[in-house]
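Understanding the architecture of this molecule
What follows is the residue order along each chain.
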Amino acid sequence: MPEGYGWDSNPRFELGSDHSANSVSSPIPSNSSNSSYGDQSNQHSSSLQLVSDTEIYQYQHNTNGRRKDTLAKVEELQVKFFRLLQRLGQSQENLLVAKVLYRMHLATLIRAKELDLKRVNHISSSARAIASEQEATGMPQLDFSCRILVLGKTGVGKSATINSIFGQAKTTTGAFQPATNCIQEVVGNVNGLNIAFIDTPGFLPSSTNNMKRNKRIMLSIKRFIRKSPPDIVLYFERLDFINAGYVDFPLLKLVTEVFGSAIWFNTIIVMTHSSSAIPEGPDGYTFNYESYVSYCTNMIQLHIQQVVFDSKVESPVLLVENHSQCPQNIMGEKILPNGQVWRSQLLLFCICTKVLGDVNSLLKFQNSVGLGPSNSARIPSMPHLLSSLLRHRPVSNVSGIDDEIEEILLSDKEEDEYDQLPSIRVLTKSQFKKLPEPLKKDYLDEMDYRETLYLKKQLKEDCRRRKEKLLLTDKKFLNSDNPDDQQAPPEPVLLPDMAVPPSFDLDCHSHRYRCLVSDDRLLVRPVLDPQGWDHDVGFDGINLETTTEIKKNVYASVVGQMNKNKQDFSIQSECVAAYVDPSGPTYSMGVDVQSSGKDFICTVHSNTKLKNIKHNIADCGVSLTSFAKKYYVGAKLEDTVFVGKRLKFVLNAGRMEGAGQMAYGGSFEANLRGEDYPVRNDNVSLTMTVLSFNKEMVLSGSLQSEFRLSRSSKASVSANLNSRKMGQICIKISSSEHLQIASVAVFSILKFLSRRKETKNVVRDVMD
């Protein structure tokens, strides 16, 4: 089975040398189980052209010759394909058949030489006529075989489906216990199609002990199919067992680890028990059949996309019903509630998959690759690596305050403005209500103004206090005769309570996660799962932040987070060391580590900041990223210009290259701050970005703003738009007024009730 052979709807051909690793993709869309592909009658297309004696002689000459060229082999394969369609009663105008022929024609055009283009365009019409002629005479005998691997949990109906396809009991089945205890081949012939099913023991539901048993079964299957890989894989699930609590992700993940991610590119998802009763929805009404099938299809495909780390993989889904009481048509074929004849559809899917796989081999789109771990390692996104490189990295210091904010605070000359204000009488709530409306507004404006000045004064004093503490520590260390003498440890400080997510607990357990900080340079706190239902098990990680001064003007900071649950482990950390020259440049070097599955993404970066001019900061940096034995090198330039205390312009550009790929881009940002910054975080930021990757350029712009609507309300607006005509607008409003909060709650309740009423009306119409 060729690796890279996919079911996605877009063709994956690459113009170039014959050693391209791409292959012919299957044309079957993901929602194929819910649609009907054309007329299922035995009538042939009225536009069928008659074949001349010369064409028949040429075809027989190519077939009987010792060495057949590639185009002759493709023509022979198309003849077999058309003969099988006639035997299955499938129309050549079927949408699925048309897509297969289109892919075959496109693949042949890519590989054909210039002199053979006319012959390529004539292959399809001549193959139809030759197939019709051979079926009429019955000569030569059709030689077409297909090997199918069957996988799935025990009791889902794998063996029963095999018996239904052959129309006789080829294997034993059991309703209450596993019927297949060992790997066996079931061989038969259906309408001239030689089929060999590889029936396998069923897997058990995911658990610690069952996973070991499942892995032993998978390894034995892998050894069995190593000499002769299957053409198609059928993965079975029960339609009536899929619901919101579907948790079969560990089993899908184990299948991917043992057989490799390539197995899903050639897999058809088979849902058995498709005529079972449809479960009720959360509102008590029964689901529509098509809606329920679509829901189950999306859920399984989402799990498969997660295990292969590829959102483009969409395995087709087919519905199957093997019960003896299943309704039948006049031909004696079992039909589903949606009117579909599943047996012919399954055979058609298998034939199309086999034909496209043979086209891959004939036209050499893919070398022979058996089932096994994928050789192509996952490649990180180059635009993501570039945006991470261009990200602004502030240099942390021991004071804990950003250098830019510290400079704004210390440069403010209005230090004693708050102390020079006259005293004001603070009114009680009853006294405030007695004031007339104009005086109320003046009183609130005055209190707001005083609060701003007071907060600004507190920030300045805190910044000045930290600096004096550092200077005093250095002075005592230099004058001390015994440097080993340690000062008394500072008193522990209680951190604010963490925001515990809501749950069904009777009381709040936030006191269990309270933290005491005994050192202002080390901060350790737990990490809570915001989606957790039980606070007792919501603690699943640790966050660590520390900043220290190694030597004079040499700082180091470490920020990391570790998360661990029963299945996954993840870690993220950023370590930076910087040398800050008070009157010159700043040099920094850091290491970032982030887990990605079983691998780690490691990035080493270095930056140099030059501040030779008062209102200008130049920054240059390089980075080296390692992931899955591949390396990516990047470089950037950045320049920041300050216009007063409120306006800032940032211009940067960078380039990232590695693994045969290259991306480059840059951005321009204008940021306007409010008058009371940093006390009030009012700001407006406009950013323009350009990114070029794979010979495609994307322009984007974004606007972000945060401001106060009133004394008790804040608003933030975020909007972005790119050259691909995609964008997003997000508006958030927060308020501390009880009346506004109540109005928002009433609006949400009314909207929910109206939506529920519309849903009930739709369900009632469907049932009627």
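Residues numbered from 1 in each chain as written. Predicted model: local features only at pLDDT ≥ 70, side-chain atom pairs only at ≥ 80, totals over all residues. Heavy atoms only, no water.

Counting secondary structure elements, the protein contains 14 helices and 22 strands. Taken across its 768 residues, the protein has 39% of its residues classed as buried. Long-range pairs, those at least 24 residues apart, make up 59% of the contacts in the protein between residues at least 6 apart in sequence. (Helix = DSSP H or I, 4+ residues; strand = E, 2+ residues; numbered from the N terminus. Buried < 20%, exposed > 50% of the residue type's maximum accessible area, 1.4 Å probe, protein only. Contact = heavy atoms within 4.5 Å.)

Turning our attention to the sheet that holds strand E4 (residues 232–238). Taken together, six strands build an open sheet; the order of strands is E2-E3-E1-E4-E5-E6 and the sheet is mixed. Every other strand in the sheet has two partners, leaving strand E2 (184–190) and strand E6 (317–319) as the edge strands with one partner each. Averaged over neighbouring strand pairs, the angle between their axes works out to 30 degrees when direction is ignored. Judged from the three bridges that link them, strand E5 (residues 267–272) and E6 form a sheet pairing that is parallel. Bridge pairing links Met271 to Leu319 in E6. Along the sheet, helix H8 (residues 289–308) contacts E4, E5 and E6; its crossing angle with E5, the most-contacted strand, is approximately 135 degrees. (Pairing = 2+ DSSP bridges. Axes fitted to C-alpha atoms, helices over the stretch in contact; angles between N-to-C directions.)

Two side chains that carry opposite charge are able to pair once their charged atoms sit near each other. What the rule picks out here adds up to 13 salt bridges. Here Glu185 and Arg147 are joined by a salt bridge, their closest N and O atoms 3.2 Å apart. A residue pair is termed long-range when its members are at least 10 positions apart, and Glu185 in strand E2 and Arg147 in strand E1 (residues 145–152) qualify at 38 residues. Measuring nitrogen to oxygen at the nearest pair gives 2.7 Å for the salt bridge that ties Arg238 to Asp240. Overall, the relative accessible area of 15% leaves Arg238 in the buried class. (Salt bridge = Lys/Arg side-chain N within 4 Å of Asp/Glu carboxyl O.)

Not every positive phi belongs to a glycine, and Asn553 is a case in point at roughly 70 degrees. Here Asn553 is to be found in the loop between strand E10 (539–551) and strand E11 (554–564). One non-glycine residue, Ala659, lies in positive phi territory at about 55 degrees. Summarising the element assignment, Ala659 is placed in the loop between strand E17 (647–658) and strand E18 (661–673).

Taken as a whole and judged by the stated rule, the model has five aromatic pairs. Between the aromatic rings of Phe166 and Phe197, the centroid separation amounts to 5.6 Å while the plane-to-plane angle is 90 degrees, which identifies the pairing as edge-to-face. Of this pair, Phe166 sits in helix H5 (residues 158–166) while Phe197 sits in strand E3 (residues 193–199), and the two are 31 residues apart along the sequence. The same class applies to Phe166 as to Phe197, namely buried. (Phe/Tyr/Trp six-rings, centres within 6.5 Å; stacked < 30°, edge-to-face > 60°.)

Position of Ser710 relative to the elements: it lies in strand E20 (residues 696–710). Overall, Ser710 belongs to the partly exposed group, its relative accessible area being 33%. Separated by 25 residues in sequence, Ser710 and Ser735 have C-alpha atoms that sit 9.0 Å apart.

To characterise two packed helices, one gives the angle between the axes of the helices and the distance between these axes. Two numbers describe how H5 lies on helix H9 (residues 342–363): the axes approach to 10 Å, and their chain directions differ by 95 degrees. Taken together, H5 and H9 sit at an angle that is classed as roughly perpendicular. The residues of H9 that touch H5, namely those facing Thr161, Ser164 and Ile165, are Trp342, Arg343, Leu346 and Leu347. Its residues placed into classes, the contact of H5 with H9 shows four nonpolar, two polar and one charged. (Parallel < 35°, antiparallel > 145°, perpendicular 65-115°, else oblique. Nonpolar A, V, L, I, M, F, W, Y, C, P; charged D, E, K, R; others polar.)

One broad rule of soluble globular proteins: the nonpolar side chains tend to lie buried together. Counting 91 residues, the largest nonpolar core has Phe81, Leu151, Phe197, Leu234, Phe259 and Trp264 as its most contacted members. Sorting elements by how many residues they give to this core places H9 first, with 12 residues. Setting aside residues up to four positions removed in sequence, Phe197 forms contacts with Ile148, Val150, Ile162, Ile165, Phe166, Gln184, Glu185, Val186 and Leu234. (Core = buried A, V, L, I, M, F, W, Y, C linked by side-chain atoms within 4.5 Å.)

Tracing the sequence through the fold places Leu252 in helix H7 (residues 249–259). Leu252 gets classed as buried once you look at its relative accessible area, which sits at 1%. In this structure Leu252 touches Tyr235, Trp264, His303, Ile304 and Val307, once residues within four positions along its chain are discounted.

Counting buried positions over the nine residues of strand E22 (residues 727–735) gives zero, only a small fraction of the element. Where strand E21 (residues 713–722) meets E22, nine bridges bridge the pair, whose relative direction is antiparallel. The partner of Ala719 across the bridge, within E22, is Ile729. Adjacent in sequence and paired antiparallel, E21 and E22 are bridged by four residues, among which Lys725 carries a positive phi angle near 65 degrees.

This paragraph deals with the side chain of Thr608. Relative to the helices and strands, Thr608 resides in strand E14 (residues 599–613). Overall, the relative accessible area of 19% leaves Thr608 in the buried class. Not counting residues within four places of it along the chain, the set of residues in contact with Thr608 comprises Thr586, Tyr587, Ala618, Asp619 and Cys620.

Our focus in this paragraph is a nonpolar patch on the surface. Taken together, the side chains of Leu522, Val524, Ile542, Leu544, Val558, Met562, Phe569 and Phe600 present a nonpolar region at the surface, about 620 Å² in accessible area. Mapped onto the secondary structure, Leu522 falls in strand E9 (residues 522–528). (Patch = residues over 30% accessible without salt bridge, like charges linked within 9 Å, V, L, I, M, F, W, Y side chains within 5 Å. Areas by Shrake-Rupley, 256 points an atom, 1.4 Å probe, with all protein chains shown as cover.)

For the protein, per-residue confidence averages 75 on the pLDDT scale, and 72% of positions sit at 70 or higher. Counting interchain partners and residues more than four positions distant, the pLDDT-below-50 stretch residues 1–67 has 168 contacts. Scored below 50 in pLDDT, residues 367–376 shows 23 contacts in the model against residues more than four places distant or in partner chains. (pLDDT = per-residue confidence, 0-100.)

With that out of the way, let us pick up H5. Counting buried residues in H5 gives eight out of nine residues, a clear majority hidden from the surface. For H5, the full list of buried residues reads Lys158, Ser159, Thr161, Ile162, Asn163, Ser164, Ile165 and Phe166. Residues of H5 that are buried in the fold lie against E1, E2, E3, E4, E5 and H9. One or two steps after H5, the chain reaches Gly167, where phi turns positive at roughly 75 degrees.

For the rest of this paragraph, the subject is the side chain of Asn214. With respect to the helices and strands, Asn214 occurs in helix H6 (residues 208–224). Here Asn214 falls in the buried class, since its relative accessible area comes to 0%.

This brings us to H8. Given a rise of 1.5 Å per residue, 20 residues ought to cover 28 Å, and the 29 Å separating the end C-alpha atoms of H8 matches this to within 8%. The positive-phi residue at the C-terminal boundary of H8 is Phe309, with phi of around 55 degrees. (Expected span 1.5 Å × (residues − 1).)

Put simply, helix H3 (residues 95–111) and H9 touch, their axes get as near as 11 Å, and they point 0 degrees apart. With respect to each other, H3 and H9 are oriented roughly parallel. Of H9, the residues touching H3 (which contributes Leu96, Val97, Val100, Arg103, Met104, Ala107, Thr108 and Arg111) are Leu348, Phe349, Cys352, Val355, Leu356, Val359 and Leu363. Per-class residue counts for the contact of H3 with H9 are 12 nonpolar, one polar and two charged.

If you walk through the whole model with that rule in mind, you get zero disulfides. We note that Cys352 lacks a disulfide partner, and the nearest cysteine sulfur, in Cys350, lies 9.3 Å from it. (Disulfide = S-S within 2.5 Å.)

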